[in-house]
Amino acid sequence: MKINFYNSLTNQQEEFKSIQDGVVKMYSCGPTVYDFAHIGNFRSFLFGDLMRRFLELVGYEVQHVMNITDVGHMVEGEADKMLAAASRVKENKKSGRVPEGAIEDPNDPYQIADYYTKAFLDDANKLGYKVAAEYPQSMPRATDYIEGMIKMIERLIERGHAYVASDGVVYYSVESFPEYGNLSGNTMDKLQSGAGGRVSDQNQSMKKHPADFLLWKPDQKHIMKWESPWGVGYPGWHIECSVMAAEKLGQDVIDIHTGGEDLIFPHHECEIAQSCGCSGESHFANYWVHARFLFVEGDKMSKSQGNFYTARDVFEGKVTGKPVHPAVLRFELIKSHYRSNMNFTKKGLTDSANTVMKLIELRQELESKAEGKMAEVDLSNPVLNDFATALADDLNIAGALAVMHTWIKSDHSDPALSLAIWDKMNSVLAIAPIGGEGVSDADDGGSDDEGEAMRLEMVAAREAKDYAKSDELRDKLIAAGYDVQIGKTEVTIKKKLA
RNA sequence: GGCGCUGGAGCCUGAUGGUAAGGCGACUGCCUGCAAAGCAGUUUUAAGUGGGUUCGAUUCCCACCGGCGUCUCCA
């Protein structure tokens, strides 16, 4: 099957070929762990997950690594991120968002990072992020790789790509790497120093070139610091990804590197400069694939706008007023193309809930009809072939979903076959539980005691032909988030997914 | 200003040089005590603007306009 991805490096769709036959090595830039991850973060992460799962569907063995950034990097002119996190944690403890006892000492950055790392893994797991669910060893933490970063910096100095400035700071010399700017288009002559308004002139004076970026900063006072040949201090932001990608994936050139579009410059540009500067190879990753940003109800998501949602905000019902099943959020976040700005809306969420419910019900129906039988199916199956072919076209998810919708409506006279097709599609979509997947099925269509009590009361009322009472109970159940169906003699209720 | 992406019905969107497909929603009917769900049907003047190529352009090309990202915190 011919697979195309849009490569940010060349600004065009390219046919995908892996370096090693049948194996794909991919790296995704992960979260910084000094706050809960938001739905925008997850849109980008889940796009990487979708890509991974698609590649597996078509037969690749995928080695997917995602880092956890737990080093508090210095932000010029602002407080250190970990220090900022410390004060936020103190506030969150007061408000109860961070439970009592979860972080004993908010002034200990390791405890903060550890807490938010666990929270992230928990969210990612619920959302069916395969690496978090099944390969936690492929999620390295930056603080465990300081030694490797120091080695890479030493090698970059040896090879003439880095220098120690007069203030003791180690910088990467962009002029030593003519390819700098190939990914972002921000070549050295075009870079307008400080056009983004984030650079202070002060820190520029020690550099050989304004675009030179930091590799190691000696700083005794920094909240997280390590010994190094250049004094006690901390590493630059970009070096961790170069080091962890090489160490975890075991080679200098990898197949795919993903991330949010904002990471193209400077982060990914700098990663390329570091990795290639160190290895001498012409490429760090052969395919750079970036996800567009997410909007909320047509606006940019921002804390000041009040439309800033973490994944757990959505789960807990802070967006819709009702709890949302993680599978619904996952589906909502992956159902639009990764290179378009998706618009996250309440309506979209309820739409997704309907689709997810429909799929789950179809599977339950197929399962009971199949009576334990399961067919073997592969991509020679026309439905799956159409599904995979759509995704092979730069992850055309809408096309794949169109295939799926058509298939749902089609004839399912061979339930064992349909079940197998369903599971194959779901191995990519991961919106409902199949053996060992990350999404819990605890509340898929079930009901709790309170709902059950109301249901029984309703049945009794109906036997007594007390329709007023029956209707009242029905309204209550609906308000409590149930779908209520009244049959000839029975009443069934189902917890809605969103 | 540079570089890059993007523009379709109420919403999300597929394919496509020749009738623009599907999903959601909405509406109607069957069903129901009434609903819901399900099934059937309806939702027919939907492609930012202006040029160009063409017998014919939503599709290819150019310009413009709008939206978005980036230009040293960032998914």
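Details of the structure are given in the entry above.
Keep in mind that what you see is a predicted model, and the values were worked out from it rather than measured.

Scoring rules and cut-offs
- Residues numbered from 1 in each chain as written.
- Chains lettered and ligands numbered in written order.
- Predicted model: local features only at pLDDT ≥ 70, side-chain atom pairs only at ≥ 80, totals over all residues.
- Heavy atoms only, no water.
- 1 Å grid on protein atoms, 1.4 Å probe; cavity = no way out; pocket = protein on both sides within 12 Å on 5 of 7 lines; lining within 4 Å.
- Points joined across faces, edges and corners; volume = space filled by probe spheres on them.
- Nonpolar A, V, L, I, M, F, W, Y, C, P; charged D, E, K, R; others polar.
- Domains from an automatic or database assignment.
- Helix = DSSP H or I, 4+ residues; strand = E, 2+ residues; numbered from the N terminus.
- Phe/Tyr/Trp six-rings, centres within 6.5 Å; stacked < 30°, edge-to-face > 60°.
- Buried < 20%, exposed > 50% of the residue type's maximum accessible area, 1.4 Å probe, protein only.

Points about empty space enclosed by the protein
Link 1 in the chain: Summed over all chains, the structure comprises two cavities of 30 Å³ or more.
Link 2 in the chain: Around the largest cavity sit Arg43, Phe47, Leu50, Leu333, Ile334, Ser336, His337, Tyr338, Leu395 and Ile397, which together line it.
Link 3 in the chain: Its residues assigned to classes, the lining of the largest cavity comprises seven nonpolar, two polar and one charged.
Link 4 in the chain: Here the lining of the largest cavity spans two domains, and each of domain 1 (4-291) and domain 2 (295-429) adds at least three residues to it.
Link 5 in the chain: In this structure, the second largest cavity is lined by Leu359, Met404, Trp422, Met425, Asn426, Leu429 and Ile431.
Link 6 in the chain: Here the element with the most residues in the lining of the second largest cavity is helix H14 (residues 415-429); it accounts for four residues.
Link 7 in the chain: Per-class residue counts for the lining of the second largest cavity are six nonpolar, one polar and no charged.

A look at the packing of aromatic side chains
Link 1 in the chain: If you walk through the whole model with that rule in mind, you get 16 aromatic pairs.
Link 2 in the chain: When the ring of Phe42 is compared with that of Phe45, the centres are 5.9 Å apart and the planes differ by 90°; the resulting orientation is edge-to-face. Here Phe42 and its partner Phe45 are both found in helix H1 (residues 39-57), three residues apart, which amounts to about one turn of the helix.
Link 3 in the chain: Residue Phe42 is classed as buried on the basis of its relative accessible area of 1%.
Link 4 in the chain: By relative accessible area, Phe45 is classed as buried at 5%.
Link 5 in the chain: Here Tyr180 and Phe213 contribute two aromatic rings whose centre-to-centre distance is 6.3 Å and whose plane-to-plane angle is 20°, an arrangement assigned as stacked. In this pair, Tyr180 sits in the loop between strand E6 (170-172) and helix H6 (201-204) while Phe213 sits in strand E7 (residues 213-218), placing the two residues 33 residues apart along the sequence.

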